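# Understanding the architecture of this molecule
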Amino acid sequence: MKTTRLKLGLAAAVLAAILAACAAQTGSDGSVAANELGGVVTSANGPEAGVWVIAETTGLPTKFAKIVVTDDRGRYLMPDLPKANYNVWVRGYGLVDSPKISSTPGRTLNLTAVPAPSPAAAAQYYPAVYWYSMLTIPAKTEFPVGKVPHQGEWLHVLKTGGCIGCHSMGTMGTRTIPKAFAGMKSPDAWARRIQSGQALPQMARDINRLDAQRAYVQFADWTDRVAAGELPFAKPERPQGVERNVVLTLWDWSTPTGYMHDLIGTDRRKPTVNANGKLYGSPEESTDFIPILDPKTNTATSVKHPVRDPKTPSSKDSPMQPSPYWGDKPIWDSQTSNHNPIMDEKGRPWFAARVRHPNNPDFCKKGSKHPSAIVFPLESSGRHLSMFDPATGKFTLISTCFQTHHLIFAEDANQTVWTSSVFGTGVVGWLNRKMFEETGDEVRSQGWTPLILDTNGNGKRDEWVDHDKPLDPTKDKRVLLNLYAVAVNPVDGTVWGTAWWSPFPGYIVRINPGPDPTHTALTEVYEPPFPGYGPRGGDIDRNGVYWVSLSSGHLGKFERSKCKGPLNGPKATGKQCPEGWTLYPLPGPQFKGIEDAGSAEASYYTWVDQYNTFGLGENVPIVTGNLNESYLALVNGKFINLRVPYPQGFYAKWAEGRIDDPNAGWKGRALWATESTRTIFHNEGGTQNRPRVVRFQLRPDPLAR
């Protein structure tokens, strides 16, 4: 036995020596440059293919990390490292983290991976979806359960229709009970934990959409089984193919108590705008300080977003119970509730942000002569518009009658800003940006319209019956829906979105503005066919095809051109075009015991790379893999999983694609994200975490410079 072990040890040593001799061949010219690290990753099992090499430093103006993947021979090349001292280590499925080695760029650094000593140790590095899929779901035969009539609706609330709309489930911070609640029975601990902190109102709202007591037992059973040592029933695969070509760069920004909704760095309509420039974040309910990252200097700063009225409400006043992480003090203090940014052709970020008290001014209300107020008066709006000019450092605040949530520029002469609202009275609003910038008149420059279906089928908008009234064959019909996502079709100028907070299973929405949207806009709604349900974030490609994240664990593709039946008239109320849909199950296991196709994955948003800003091609839909801790890109009908392995818990709500230099190959193109979970302290690193900006680059092979 000793002889066998000795032979195996000698064989491993010889193999390691051979690989070490090849380590300098990591670059195309056979060397490691002064701003690179390269080498070979091996273990007792030989070369380790498809594992991550991580280099991190605190020696720059903000914390910085870079991550690459090894090739099929265990080789790696980490390019473009700023001069600093780095901790370098190996992470991968089937491993535990290797010891961190201090190094500087310009070295050949061979690394020794550490195989996991047990399945339990290996599972600690699995993405959240593998842990969350262990949750037991009531069987179809048990429904109705409480107020929920269908199993799909129950799952919708447990996913992006509720719980996963704000943070991941399945991370270490969610699959375990905080020590502060360890003395409670598990269902009571769950009831208490969702009352913690300033998210109490939303958490209580969503759990009470279910049978709350049943849900507490369900979650308690899950965390009890995890505590007892039960492991996920499925295992992830290491990166394959082009997944090994990804280079990740991470920067810290904002504060440990801040969180981001998303970021912006270019004009969606022309992604070469603001090349190599700064990126701007939206910190939503956490703070009024907009974080700004300069990736050229590795510097993170911030600017405070103002309000018009000092009496504007703040998230600081939200009801709460003490947090097991932060105690009894509020950690969020935001008057602006800055939710979502876009950037114009001048490199100026525009925001959906609160600028005043929610009570609307008189021009919005009944009795006003404003054209939109005559058609549909509005009493309140909880979020409005703003613009920041980096050249002057000043904000322009725009008071809108309509609620804003997401926003997007149209490709029209008026530079129209279209907005979604998510909640409210069922309108879509817009700002004529050309008029506003020429006149400064925020009243005349804005408009809104209710969502009207052409149920009498005559092709134009007429008098309508309200949403709660029966159809009238001579009239149209108003629907009480609020857009969540918003996008403009570049083919015909129609406005598309999702009605997420709507009767299950939800809708995608198409609005044809017509020549005078206040009076002429007509709406169409389309319900996803089962097993798809729960549209959340969606986007449109350059051909007018709509792509949407579904909480059923699918990416939905909707092609209106394939519709066979009438798209207006009394039967066109949502179910009129099942043939227009294609459903793509997302990666990751389905919940155990659920027979329907799909995944436990709960994607928050789909963003379409219209201009090949990343390198996978034009019009590639890129899905936020919120439980896969990744982006999921659909190419030729198959998903490419672009995972962020460190820190564990990556969760995005948007993607940003920018072309810094169209002639620089892979280095001139990138996807950008910011960690968007509201609970960054649930992730690896705990309360010391700050949100991070992540840049994704795709080189032609794992060793390309």
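Structure first, text after, so check above.
Structure report, in brief. (Residues numbered from 1 in each chain as written. Predicted model: local features only at pLDDT ≥ 70, side-chain atom pairs only at ≥ 80, totals over all residues. Heavy atoms only, no water.)

### Considerations on the sheet that holds strand β4 (residues 64-69)
The antiparallel open sheet is built from 8 strands, whose spatial order is β8-β6-β3-β4-β12-β41-β40-β39. Both outer strands of the open sheet, β8 (101-103) and β39 (656-659), are each paired with one neighbouring strand and no more. Here the strands of the sheet are splayed against their neighbours by 25 degrees on average, with no regard to which way each runs. The sheet contact formed by β39 and strand β40 (residues 669-674) spans 4 bridges and is antiparallel. Residue pairing across strands places Glu656 opposite Trp672, the latter belonging to β40. (Pairing = 2+ DSSP bridges. Helix = DSSP H or I, 4+ residues; strand = E, 2+ residues; numbered from the N terminus. Axes fitted to C-alpha atoms, helices over the stretch in contact; angles between N-to-C directions.)

### Comments concerning the nonpolar core
Counting residues in each nonpolar core, the largest one holds 92 residues, and the members touching the most others are Tyr132, Phe219 and Phe696. In terms of residue count, the dominant contributor to this core is helix α8 (residues 212-227) (7 residues). Contact partners of Tyr132, with chain neighbours within four places excluded, come to Leu158, Ile164, Met169, Gly170, Phe219, Trp222, Phe591 and Leu627. Counting residues in each nonpolar core, the second largest holds 31 residues, with Val53, Phe64, Leu81 and Ala670 among its members. (Core = buried A, V, L, I, M, F, W, Y, C linked by side-chain atoms within 4.5 Å. Buried < 20%, exposed > 50% of the residue type's maximum accessible area, 1.4 Å probe, protein only. Contact = heavy atoms within 4.5 Å.)

### Section: the packing of aromatic side chains
Across all of its chains, the model carries 38 aromatic pairs by this definition. On the basis of an interplanar angle of 85 degrees and a centroid distance of 5.8 Å, the ring pair of Trp326 and Phe681 is categorised as edge-to-face. Here Trp326 is found in the loop between β16 (299-304) and β17 (340-343), whereas its partner Phe681 is found in the loop between β40 and β41 (692-698), with 355 residues between them in sequence. The positively charged end of Arg193 is found above the aromatic ring belonging to Trp190, 4.4 Å away from the centroid. (Phe/Tyr/Trp six-rings, centres within 6.5 Å; stacked < 30°, edge-to-face > 60°. Lys NZ or Arg CZ within 6 Å of the ring centre and 35° of its normal.)

### Description of the side chain of Arg678
With respect to the secondary-structure elements, Arg678 resides in the loop between β40 and β41. Judged by relative accessible area, which is 10%, Arg678 ranks as buried. A distance of 3.2 Å separates polar atoms of two side chains, one belonging to Arg678 and the other to Tyr259. At a separation of 3.4 Å, a polar atom in the side chain of Arg678 contacts the side chain of Glu284. Residues in contact with Arg678, not counting those within four places in the same chain, are Cys166, Gln202, Tyr259, Glu284, Glu285 and Trp332. (Polar contact = N/O pair within 3.5 Å; in protein donor to acceptor, adjacent residues only side chain to side chain.)

### Overview of the side chain of Asp294
When you line up the elements, Asp294 lands in strand β15 (residues 289-294). No salt bridge is formed by the buried Asp294, whose closest oppositely charged neighbour, Lys278, lies at an N-O distance of 4.9 Å. In contact with Asp294, not counting residues within four places along its chain, are Lys278 and Thr299. (Lys, Arg positive; Asp, Glu negative; His and termini not counted. Salt bridge = Lys/Arg side-chain N within 4 Å of Asp/Glu carboxyl O.)

### Notes on the sheet that holds strand β36 (residues 620-625)
Strand order in this open sheet of 4 strands is β35-β36-β37-β38, and the pairing throughout is antiparallel. Taken across any chain shown, the strands that pair with only one partner, and hence form the sheet edges, are β35 (606-609) and β38 (638-643). Geometrically, the sheet is characterised by an average inter-axis angle of 30 degrees between neighbouring strands, direction not taken into account. Summarising the sheet, β35 and β36 pair through 4 bridges and their orientation is antiparallel. Bridge assignment links Trp607 to a residue of β36, and that residue is Ile622.

### Quick word on the pairing of strand β30 (residues 522-526)
By the criterion of burial, β30 is predominantly enclosed, with 5 of the 5 residues buried. Alternating residues of β30 divide into Leu522, Glu524 and Tyr526 and Thr523 and Val525, and every residue in both groups is buried. Examined bridge by bridge, strand β29 (residues 507-512) and β30 share 5 bridges and lie antiparallel to one another. Among the inter-strand pairings, Arg510 is bridged to a residue of β30, identified as Glu524.

### Focus: the packing of helix α6 (residues 186-193) against α8
Taken N-terminus to C-terminus, the directions of α6 and α8 make an angle of 110 degrees; their axes are 8 Å apart at the nearest point. Considering the angle they form, α6 stands roughly perpendicular to α8. With respect to the hand of their crossing, α6 and α8 are arranged in right-handed fashion. From α6, Ser186, Pro187, Trp190 and Ala191 reach across to α8, where they touch Tyr216, Val217, Phe219, Ala220, Trp222, Thr223 and Asp224. (Parallel < 35°, antiparallel > 145°, perpendicular 65-115°, else oblique. Left-handed = near helix turned anticlockwise from the far one by under 90°.)

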